[in-house]
Amino acid sequence: MSTSRLRRVTVLVLDGAKPLDVGIPAQVFTNRASMPYEVRVCGARAGLVTGGDGLSYHVADGLEAVEWADLVFVPGYRQPDREDPPAAVLDALLAAHRRGARLAAISTGAFALAATGLLDGRRATTHWHYTRALAAMHPLVRVDENVLFVDEGSVLTSAGAASGIDLCLHILRGDLGVAASNHAARRLVAAPYRSGGQAQYVPRSLPEAVGERFAATREWALHRLDEPLSVPVLARHAAVSPRTFSRRFVEDTGYTPMQWVMRARVDLARELLERSERSVEQIATEVGLGTGANLRQHFQQILGTSPVEYRRTFTRGE
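Rules of the game
- Residues numbered from 1 in each chain as written.
- Predicted model: local features only at pLDDT ≥ 70, side-chain atom pairs only at ≥ 80, totals over all residues.
- Heavy atoms only, no water.
- Helix = DSSP H or I, 4+ residues; strand = E, 2+ residues; numbered from the N terminus.
- Buried < 20%, exposed > 50% of the residue type's maximum accessible area, 1.4 Å probe, protein only.
- Contact = heavy atoms within 4.5 Å.
- Areas by Shrake-Rupley, 256 points an atom, 1.4 Å probe, with all protein chains shown as cover.
- Core = buried A, V, L, I, M, F, W, Y, C linked by side-chain atoms within 4.5 Å.
- 1 Å grid on protein atoms, 1.4 Å probe; cavity = no way out; pocket = protein on both sides within 12 Å on 5 of 7 lines; lining within 4 Å.
- Points joined across faces, edges and corners; volume = space filled by probe spheres on them.
- Nonpolar A, V, L, I, M, F, W, Y, C, P; charged D, E, K, R; others polar.
- Arc of directions from axis to C-beta.
- Phe/Tyr/Trp six-rings, centres within 6.5 Å; stacked < 30°, edge-to-face > 60°.
- Lys NZ or Arg CZ within 6 Å of the ring centre and 35° of its normal.
- Salt bridge = Lys/Arg side-chain N within 4 Å of Asp/Glu carboxyl O.
- pLDDT = per-residue confidence, 0-100.
- Pairing = 2+ DSSP bridges.
- Axes fitted to C-alpha atoms, helices over the stretch in contact; angles between N-to-C directions.

### Let's talk about the overall build of the chain
At step 1: The secondary structure content of the chain amounts to 14 helices and 10 strands.
At step 2: The 318 residues of the chain split such that 49% are buried.
At step 3: Taking the intrachain contacts of the chain between residues at least 6 apart in sequence as the baseline, contacts between residues at least 24 apart amount to 65%.
At step 4: Surface accessibility of the chain: about 14700 Å² in total, with carbon and sulfur atoms responsible for 52%.

### Notes on the nonpolar core
At step 1: Ranked by internal contacts, the top residues of the largest apolar core, which has 30 residues, are Leu12, Val66, Leu93 and Leu103.
At step 2: Only helix H2 (64-68), strand S5 (71-74), helix H3 (87-98), strand S6 (102-105) and helix H4 (109-116) provide two or more residues apiece to this core.
At step 3: The element contributing the most residues to this core is H4, with five residues.
At step 4: The contact partners of Leu103, leaving out residues within four places of it in the chain, are Val72, Leu93, Ala96, His97, Leu113, Leu118, Ser154, Val155 and Leu156.
At step 5: One finds Ala17, Tyr37, Leu169 and Leu172 within the second-largest nonpolar core, a separate group that totals 29 residues.

### Side note on the layout of surface pockets
At step 1: Its volume calculated, the second largest pocket comes out at about 390 Å³.
At step 2: Lining the second largest pocket are 16 residues, with Leu14, Asp15, Gly16, Glu83 and Pro86 sitting closest to its centre.
At step 3: Residue classes in the lining of the second largest pocket are distributed as eight nonpolar, two polar and six charged.

### What about helix H1 (residues 19-28)?
At step 1: Buried within H1 are the following residues: Asp21, Val22, Ile24, Pro25 and Val28. For H1, the arc enclosing every buried residue in end-on projection is 160°, short of the 170-degree limit, so these residues lie on one face.
At step 2: Where the residues of H1 are buried, they touch strand S1 (7-12), strand S4 (56-59), S5, helix H6 (161-176) and helix H7 (178-188).

### Describing the environment of Gln297
At step 1: Among the structural elements, Gln297 can be located in helix H13 (residues 292-303).
At step 2: Sequence separation between Gln297 and Pro307 is 10 residues, and the spatial gap between their C-alpha atoms is 9.6 Å.

### Observations concerning the side chain of Asp267
At step 1: For Asp267, the position within the fold is in helix H11 (residues 257-275).
At step 2: Discounting residues that sit within four places of it in the chain, Asp267 has contacts with Arg173 and Val178.

### Some thoughts on the packing of aromatic side chains
At step 1: For the coordinates displayed, the defined rule picks out seven aromatic pairs.
At step 2: One Lys or Arg, Arg40, reaches over the ring of Trp68 and ends 4.0 Å from the middle of that ring.

### Details of the pattern of salt bridges
Opposite charge on two side chains makes pairing possible when the charged atoms of those side chains draw close.
At step 1: For the structure shown, the criterion picks out nine salt bridges.
At step 2: Put simply, Arg8 and Asp70 hold a salt bridge, and the shortest N to O gap is 3.6 Å. Of the two residues, Arg8 sits in strand S1 while Asp70 sits in the loop between H2 and S5, which places them 62 residues apart along the sequence.
At step 3: Shared partners join several salt bridges into a network, and the residues in it are Arg7, Arg102 and Asp175.

### Structural notes on the confidence of the model for the chain
At step 1: Averaged over every residue, the pLDDT of the chain is 87; residues scoring 70 or more account for 90%.
At step 2: In this model, residues 196-211 is a region of pLDDT below 50 whose contacts with residues beyond four sequence positions or in other chains number 32 contacts.

### So, the environment of Cys168
At step 1: By the secondary structure assignment, Cys168 is in helix H6.
At step 2: What makes Cys168 buried here is its relative accessible area of 0%.
At step 3: Residues in contact with Cys168, not counting those within four places in the same chain, are Ile24, Pro25, Val28, Phe29 and Phe73.

### What to know about the pairing of strand S10 (residues 155-158)
At step 1: Neither face of S10 is left uncovered, since the one carrying Val155 and Thr157 and the one carrying Leu156 and Ser158 both have all their residues buried.
At step 2: Sheet topology note: the S6/S10 ladder contains three bridges and is parallel. Note that in S10 the partner of Ala105 across the bridge is Thr157.
At step 3: As defined by bridge partners, strand S9 (residues 149-151) adjoins S10 across three bridges and the pair is classed as antiparallel. Looking at S10, one finds that Phe149 is bridged to Ser158.
At step 4: Between the end of S9 and the start of S10, which pair antiparallel, lie three residues, with Gly153 showing a positive phi angle near 90°.

### Some remarks on the sheet that holds strand S2 (residues 37-42)
Strand pairs in the sheet, formed through backbone hydrogen bonds, run parallel or antiparallel to each other.
At step 1: Spatially, the six strands line up as an open sheet ordered S2-S1-S5-S6-S10-S9, and their pairing is mixed. Of all the strands in the sheet, the pair left with one neighbour each is S2 and S9. Between one strand axis and the next, the sheet turns by 15° as a mean value, whatever way the strands run.
At step 2: On the sheet, H3 packs against S1, S5, S6 and S10 and is oriented at approximately 130° with respect to S6.
At step 3: Where H4 meets the sheet, its contacts fall on S5, S6 and S10, and the angle it forms with S6 comes to roughly 135°.

Printed below as a string of structure tokens:
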């Protein structure tokens, strides 16, 4: 995919919209020269929209901004299980989907997507407090309460507000690549990537010091991807047993330690392919995969493409 095409993003604000949920996509896909996005914020009609938490929004556009968009975000809103959004809103979302726009819900925005029928037969998630209500109101939706976000291609859903950042960065990675996503994460002071399969919350408390050590170990490993990184090596840095490290690492990231290391290596390879002219063999050595054949194998397994083809997608049209 070329990074040069301008993409149109609309944030659809419904009555009771949660302020943080509204702000996340507007902030991630910000109107700035370095980002090939144009962002609009709209409501069911132009004018004042009563939000949640004591805030209201004055939006310049009505549903014509949904017709204009390539990507439509529906932020979470209060009391989504009481009634569906207005029919005009649902019709606009359906029309956008029919012409090829992607629809993405943050938190309880999933209820609006579910009301269109577009989530029927698909996996979806929402804030953990509302997962049972979503399943009860829309029994054809395969509700998964144990993930941060779900990407079903043309429709995407996420859990609570913070996972909305994860979803936006996930979309950004697909549109523009790892380098652009990591840059946006640094600007937001957010984690560059959390697995969509990570649990929304851990149902028991973990000692804070252990969590800090694991974060430090991940950071330590990211600077040593060209070195041998095994579970015992990582556990030794975290000062816990390999068994404890493996178990809690999955809870923390959604991946086993070795899955995480491999994806980190492939991500670094992606960034080098996007930003440098190094050969596949050179990149394989730099990211700790040894040979070009090894890099090509893991690239195919994780991304379904080859390093050469991946690089081409970021040079076409430039």
